[in-house]
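# Secondary and tertiary structure notes
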Amino acid sequence: MLEIFQYDFIARALIVGVVISVIAPLIGTFLVVKRYSLIADTLSHVSLLGVAIGMFMGFSPFIGALLMAVLSGVGMEELRERKNLLGDSVLALFLSGSLAIAVVLVSLAKGLNVNFVSYLFGSINTVSQGDIYTVIILGLVTFLFMTVFYRQFFLIALSEDLARAAGLPVRLINILLVIMAAITVSLAMRIVGVLLISALMIIPVISGLQWEKNFKQTIFIAVLFSLVSVITGIVFSYYFSLASGGTIVIVNLVIFIFSYLYNRD
Amino acid sequence: MSAADSGQIIKVSGLSFNYGRNKILDEVNFDVSKGDYLGIIGPNGSGKSTLIKILLGLIKPDSGEITLFGEDISRLKDRFRLAYVPQGISGTNFDFPATVNEVIESGLTPKLGLFGRQSHKDRQTIKTIDQLTGIEKLKDKLINHLSGGERQLVFIARALVGRPEVLILDEPTTGVDIASQERFYAFLKRLNGEYGMTIMFISHDVEIITKEATHIMCLNKKLVCHTHTKHFDKEKIIKELYGDKIKTLTHSHQ
């Protein structure tokens, strides 16, 4: 029927895409309502540093990205909690700092540039069989975690004061949310590209919010939009030889514009 | 016989709290018995909100002892026995895309933990509280579509679904119109009178406290008074709290 599905690399990209489509907006919804959208962008730039370190030191760029994103996520949350630095400025510090170090590392190791660029914008050709197992396992862990802690995340997003008064370990749960976001960023890196990951965590959510449904329905709508954008984006990028990351984000933007115009008062 | 057995559910002794070099609470001692309806009054910066935050375990005091339900505050596990409605629902995210129903159910989070499910009794409690607060018709509305008075009732309903023994409210009627305030205090009186719930609330309105509550506490870093509202010497205490230049006018909230 569709020749596209005969190719293993497309099937692999689609599997990874579907897993990411589910977990990215699931975490993204909590980041958006906590006005913490920029953290996804910051984590993706930190992941880029992890990729550069992995390439430079000769180990898996994915492991490098995952470790850097998780460690920085915890560091950012610590700084935010201590209130020595305002929330946004912490993110700017990590975002520009990590990008600067990554660029210097890449320029030091000449010849890494070609591989490095594929991480910047994403490519459906680069997903290996090993990546699939990693994405499915970590994706499943993230999904289960978000489901089990759903009520706690909900209350903290509604009011940290109420959550603390109820005896919830707010700081620990916030750190866990950032770790989940860091894992998602590392997983999505191959397909969407580091520079566009945050779009996958944020745009489906703000599209979902336009429909003014309850919280669970908003998450469901965001996941649905995300799935549509990733599958359509991968198929389009195959048929028209487009960059997968950019195509996925453009489909997301079209969905957002439609949602906004359709629900305008 | 323990303090809790004797009906004394909150006991505070020698409580002090400093914020940097500023003394916020200075050697405060008081106790609250089951069924008390206590209004707390004091000038801005007198330590009212700090006192409540300490009772809720949100901040730790520098010194003093606090016993809740006969247990030291640091050892109290069942935090849902005290329910809290913050000042003007401060720190609450009203852009949050949640319905009234979802906000109310979030009141069960501490009780249910990670894997608990709502019991039949929980569902019955929610239904009863919806009827009591009169918010049944609002259940499917988003909280950002409600008026200030409606939101206040929703957050009180949220506080009550965990079947707490003590309800603590910080300036509960800030930003709420007069008619809604009347209904609101009538509801609190019913909770206290019919259901025996212990209530503590902060207010700047001494008339409301003397009209509605059974007890009044006056705070100005130190405890100025803590008495039955029947025995409250308004003129004397207001002068002590706010100075000689303040004159009290009586109003009936009509």
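Attention in this report is confined to the structure presented alongside it. The model shown is predicted, which means the values in this text are computed figures rather than measured ones.

### Regarding the packing of helix α6 (residues 129–148) of chain A against helix α7 (residues 150–158) of chain A
Residues and elements named next belong to chain A.
- Close contact between α6 and α7 brings their axes to 4 Å; oriented N to C, the two are set at 65°. For the pair α6 and α7, the contacting residues are F145, M146, T147 and V148 in the first and Y150, Q152 and F153 in the second.
- Taken together, the residues of the contact of α6 with α7 sort by class into 5 nonpolar, 2 polar and no charged.

### Let's talk about the pattern of salt bridges
- Evaluation of the coordinates by the stated rule reveals 10 salt bridges over all chains.
- Where A:E160 meets A:K34, a salt bridge forms, and the shortest distance between an N and an O atom there is 3.5 Å. Of this pair, A:E160 sits in helix α8 (residues 160–165) while A:K34 is found in the loop between α1 (8–33) and α2 (38–57), placing the two residues 126 residues apart along the sequence.
- Residue class for A:E160 comes out partly exposed when judged on its relative accessible area of 22%.
- Taking the relative accessible area as the measure of exposure, A:K34 reaches 19% and is therefore buried.
- Between B:E194 and B:R190 there is a salt bridge, with the nearest N and O atoms lying 3.1 Å from each other. Of this pair, B:E194 and B:R190 both sit in helix α6 (residues 178–195), 4 residues apart, which is roughly one turn of that helix.
- Counted as one network, the salt bridges with shared partners bring together A:K34, A:E160 and A:R164.

### Some thoughts on the interface of chain B and chain A
- Contacts between chain B and chain A engage 29 residues on the former and 28 residues on the latter.
- Here chain B meets chain A over a buried area of about 2400 Å², counting both sides, of which 63% is carbon and sulfur.
- A per-residue breakdown of the area chain B buries against chain A is headed by B:F96, B:P97 and B:L114, which together make up 24% of the total.
- Our count for the contact surface shared by chain B and chain A stands at 0 salt bridges.
- Applying the counting rule to chain B against chain A returns 6 residue pairs in polar contact (both at pLDDT 80 or more).
- Elements represented by at least two residues in the side of chain B that touches chain A include exactly α2 (100–105), α3 (109–112) and α5 (148–160) of chain B.
- Here the side of chain B that touches chain A is composed, by residue class, of 15 nonpolar, 10 polar and 4 charged.

Thresholds applied
- Residues numbered from 1 in each chain as written.
- Chains lettered and ligands numbered in written order.
- Predicted model: local features only at pLDDT ≥ 70, side-chain atom pairs only at ≥ 80, totals over all residues.
- Heavy atoms only, no water.
- Axes fitted to C-alpha atoms, helices over the stretch in contact; angles between N-to-C directions.
- Helix = DSSP H or I, 4+ residues; strand = E, 2+ residues; numbered from the N terminus.
- Contact = heavy atoms within 4.5 Å.
- Nonpolar A, V, L, I, M, F, W, Y, C, P; charged D, E, K, R; others polar.
- Salt bridge = Lys/Arg side-chain N within 4 Å of Asp/Glu carboxyl O.
- Buried < 20%, exposed > 50% of the residue type's maximum accessible area, 1.4 Å probe, protein only.
- Buried area = accessible area lost by both parts, 1.4 Å probe.
- Polar contact = N/O pair within 3.5 Å; in protein donor to acceptor, adjacent residues only side chain to side chain.

Such coordinate-based values are descriptive only and should not be taken to indicate function.
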